[in-house]
Amino acid sequence: MGSRSYFPSYYSVDDIFVTQEKISCQVSSRLLKMGFLDPGCETDHLEPGKIVKLPLWYVKELKINNPYLIIQIPELYKNVHNAICEAESTNIDLGKMNMQYYEYGRYLASFDRNHSLGRILYETCRQRVRHLLTISKNTVDEIKSENKMDSIERGLYEAGIRTNTLYTNWLQQKNSKIRPSELVQEHSKKRKRFTLSDDEMSSSLQSTKRSM
Amino acid sequence: MDPCEIEFIGEKSQIGIVPNFNFDPIHLISGSVGPFRAGLPVHIPLWLAVHLRRQRKCRIVPPQWMDVDTLEEIKEEEKRSKFFTKMPSDNYMVEAQLIFGCAAEDIPRCDEIRTIIKDIFDIRESKLRTSVDAFIKGEGTYAKLDNLTLLEMHAIRPILPHALDHISRYQRVASATQRDMSSLGLNTSNLSSSYHSQSRI
């Protein structure tokens, strides 16, 4: 996460990671010639009642009341976990449950027949962000590996710690030099890369000419 | 924005100095500075004042608000008020930091002033933190933060807007699913009411 906030888009790598997750779906009507979807299936067709695992990028385009597949919400978002989330959400280890807990849940929320998932995500996020603001304010040292966050929270936490470190450094006058902003640095790096690749191109061209 | 950049912005504010040399006006892009006459106070940008002070070519006249009594008053006001009070300068932390860094001996009761300014900053920071916490907790839709200075905003800058972005995204999901449920609920109630009317007939 850079200076921009995270928004899922077609090109965002995080979003691709999230939509790679497999979700078990129950087949509700006979699907002809679809046996290859289930490696353990011996027939060419998928019979009703079978459970297949399909990636989220396919499942998320389905309607909740489609006639072919019933989407099963993963255990992760089932009642037991939700009860914990409601009770004390700052203590749970989201990272261990799923690194993309929020985003994954966001896609699945529309398939939740109890209509509670969206609400729980929202409440959990709200409570945990408040906690996050406090802890990121009080730590200056490097990020510890065992803190229990998912990827989005980690991004926020790192941003918070960075701000805090910059501020304490400024108070103690540790770095009095103004460095070029990140944008400018990135740009100059890119330019260097371009000129490098141009050189390589020309040299390779020359060598091919020589060989000809 | 880094604290260094905020410092750069803060350095543009004017400050009084008493030079100990004679010099013609200096013409800069941002305007002319001077002329300097030895012993006569003159207002110049802070960055130039710090520079001259480092070369021992002037004495810095502390800004009017940089006084123990005034600052005590501001501190009391800040403690009493629920909201952020107006600060005497938009970059009070930066100015204090720079002046104390190079010309601590020009300011009477410098240590006391330093402590009070830090106190004021801490009070405002904790106030900001509690109000942010209350804002997220209370499901408010907007918050008004007047009289906040740049450095104070920096303390919450990338993390708070980003966090609020995420929260609002999940809120939208929650309200969308909630709407589904309420529409379902409406349908059932409609059904039951129609059923009732039928039964009455």
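Each value, and the rule that gives it
Residues numbered from 1 in each chain as written. Chains lettered and ligands numbered in written order. Predicted model: local features only at pLDDT ≥ 70, side-chain atom pairs only at ≥ 80, totals over all residues. Heavy atoms only, no water. 1 Å grid on protein atoms, 1.4 Å probe; cavity = no way out; pocket = protein on both sides within 12 Å on 5 of 7 lines; lining within 4 Å. Points joined across faces, edges and corners; volume = space filled by probe spheres on them. Helix = DSSP H or I, 4+ residues; strand = E, 2+ residues; numbered from the N terminus. Domains from an automatic or database assignment. Contact = heavy atoms within 4.5 Å. Buried area = accessible area lost by both parts, 1.4 Å probe. Salt bridge = Lys/Arg side-chain N within 4 Å of Asp/Glu carboxyl O. Nonpolar A, V, L, I, M, F, W, Y, C, P; charged D, E, K, R; others polar. Buried < 20%, exposed > 50% of the residue type's maximum accessible area, 1.4 Å probe, protein only. Lys, Arg positive; Asp, Glu negative; His and termini not counted. Polar contact = N/O pair within 3.5 Å; in protein donor to acceptor, adjacent residues only side chain to side chain. Patch = residues over 30% accessible without salt bridge, like charges linked within 9 Å, V, L, I, M, F, W, Y side chains within 5 Å. Areas by Shrake-Rupley, 256 points an atom, 1.4 Å probe, with all protein chains shown as cover. Charge placed at Lys NZ, Arg CZ, Asp CG, Glu CD. Pairing = 2+ DSSP bridges. Axes fitted to C-alpha atoms, helices over the stretch in contact; angles between N-to-C directions. Parallel < 35°, antiparallel > 145°, perpendicular 65-115°, else oblique. Left-handed = near helix turned anticlockwise from the far one by under 90°. Phe/Tyr/Trp six-rings, centres within 6.5 Å; stacked < 30°, edge-to-face > 60°. Expected span 1.5 Å × (residues − 1). Arc of directions from axis to C-beta.

Enquirer: Explanation requested: the layout of surface pockets in the structure shown.
Expert: Remark: the empty space left among the atoms is shown by a probe the size of a water molecule rolled over them. Residue and element names in this part refer to chain B. Volume-wise, the second largest pocket comes out at about 590 Å³. What lines the second largest pocket is a set of 22 residues, and nearest its centre among them are Phe84, Ser131, Ala143, Lys144 and Leu145. Put simply, the parts of the chain that give the lining of the second largest pocket at least two residues each are helix 5 (110–137) and helix 7 (159–200). Top contributing element to the lining of the second largest pocket by residue count: helix 5, with seven residues.

Enquirer: Would you mind going over the domain arrangement of chain B with me for this structure?
Expert: As a measure of interface size, the accessible area lost when the parts come together is often cited. Residues and elements named next belong to chain B. Here chain B is described as being made up of domain 1 (1–61) and domain 2 (67–183). Each of domain 1 and domain 2 was reduced to a C-alpha centroid, and the two centroids are 29 Å apart. Listed per partner, the contact involves 16 residues of domain 1 and twelve residues of domain 2. Contact with domain 2 buries surface across domain 1, with Ile6, Arg53 and Ile60 losing the most and accounting together for 38% of the total.

Enquirer: Got a minute to help me understand the interface of chain A and chain B in this structure?
Expert: Listed by partner, the interface residues are 42 residues for chain A and 38 residues for chain B. Between chain A and chain B the total buried area reaches about 3900 Å² when both faces are included, carbon and sulfur atoms providing 66% of it. The largest per-residue losses of area from chain A upon contact with chain B belong to His115, Arg130 and Trp170 of chain A, which jointly make up 20% of the total buried on that side. Counting every contact that joins chain A to chain B gives two salt bridges. Across the pair Glu103 of chain A and Arg169 of chain B runs a salt bridge whose closest N-O atoms are separated by 3.0 Å. Mapped onto the side of chain A that touches chain B, the elements with two or more residues apiece are helix 5 (101–108), helix 6 (117–138) and helix 7 (151–171) of chain A. Considering every element that reaches the side of chain A that touches chain B, the biggest residue donor is helix 6 of chain A, with 13 residues. The residue makeup of the side of chain A that touches chain B, split by class, is 19 nonpolar, 14 polar and nine charged.

Enquirer: Looking at this structure, how should I read the side chain of Asp15 of chain A?
Expert: Residue and element names in this part refer to chain A. With respect to the helices, strands and loops of the structure, Asp15 is situated in helix 1 (residues 13–20). Comment: no salt bridge for buried Asp15; closest opposite-charge side chain is Arg106, at 4.9 Å. Within the structure, the side chain of Asp15 is placed 2.7 Å from the side chain of Tyr107, a separation counted as a polar contact. Excluding anything up to four places from it in sequence, Asp15 contacts Tyr6, Pro8, Ser9 and Tyr107.

Enquirer: I would appreciate a short explanation of a negative patch on the surface in the present structure.
Expert: Negative charge collects at one region of the surface, where Asp67, Asp69, Glu72, Glu73 and Glu76 of chain B lie side by side. The residue Glu76 of chain B is located in helix 3 (residues 68–80) in this model.

Enquirer: Can you help me understand the sheet that holds strand 5 (residues 58–61) of chain B in this one?
Expert: Paired through their backbone hydrogen bonds, the strands of a sheet run either parallel or antiparallel. Residue and element names in this part refer to chain B. One open sheet holds the three strands; their spatial order is 4-1-5, and the pairing between them is antiparallel. Single-partner strands in this sheet number two, and they are strand 4 (42–45) and strand 5. The sheet shows a mean angle of 45° between the axes of neighbouring strands, taken without regard to direction. Judged from the four bridges that link them, strand 1 (residues 14–19) and strand 4 form a sheet pairing that is antiparallel.

Enquirer: Would you explain the packing of helix 5 of chain A against helix 6 of chain A in this entry?
Expert: Residue and element names in this part refer to chain A. Where helix 5 contacts helix 6, the two axes come as close as 9 Å, and the packing angle between them is 155°. Comparing their axes, helix 6 and helix 5 come out roughly antiparallel. The two elements helix 5 and helix 6 cross, and the hand of that crossing is left-handed. Contact with helix 5, carried on its side by Tyr101, Tyr102, Gly105, Arg106 and Leu108, involves Leu117, Leu121, Thr124, Cys125 and Arg128 of helix 6 and no other residues of that element. Split by residue class, the contact of helix 5 with helix 6 holds six nonpolar, two polar and two charged.

Enquirer: Teacher, can you tell me more about the packing of aromatic side chains here?
Expert: What describes a pair of aromatic rings is the distance from one ring centre to the other and the angle between the planes of the rings. Residue and element names in this part refer to chain A. This structure, assessed with the given rule, holds five aromatic pairs over all chains. Taking the centre distance of 5.6 Å and the plane angle of 75° together, the rings of Tyr101 and Tyr102 count as edge-to-face. We classify Tyr101 as buried; its relative accessible area is 0%. For Tyr102, a relative accessible area of 1% puts it in the buried group.

Enquirer: Got a minute to help me understand the sheet that holds strand 2 (residues 51–55) of chain A in this structure?
Expert: Residue and element names in this part refer to chain A. The strand order across the open sheet built from three strands is 2-1-3, with neighbouring strands paired in antiparallel fashion. Either end of the sheet is taken by a strand with one partner, and the two such strands are strand 2 and strand 3 (69–71). Neighbour-to-neighbour, the strand axes of this sheet turn through a mean angle of 45°, independent of strand direction. In the sheet, strand 1 (residues 22–27) pairs with strand 3 via three bridges, with the strands oriented antiparallel.

Enquirer: Help me understand helix 3 of chain B in this model?
Expert: An α-helix turns once every 3.6 residues. As a result, residues three or four positions apart point the same way. Residue and element names in this part refer to chain B. Here helix 3 is 13 residues long and its end C-alpha atoms lie 18 Å apart, about the 18 Å a rise of 1.5 Å per residue gives. Among all positions of helix 3, only Val68, Leu71, Ile74, Lys75 and Glu78 are buried. Taken around the axis of helix 3, the buried residues stretch over an arc of 125°, which confines them to a single face. Turned more than 90 degrees away from the buried face of helix 3 sit Asp69, Glu73 and Arg80, all of them exposed. Looking at the buried positions of helix 3, the neighbouring elements they touch are helix 5.

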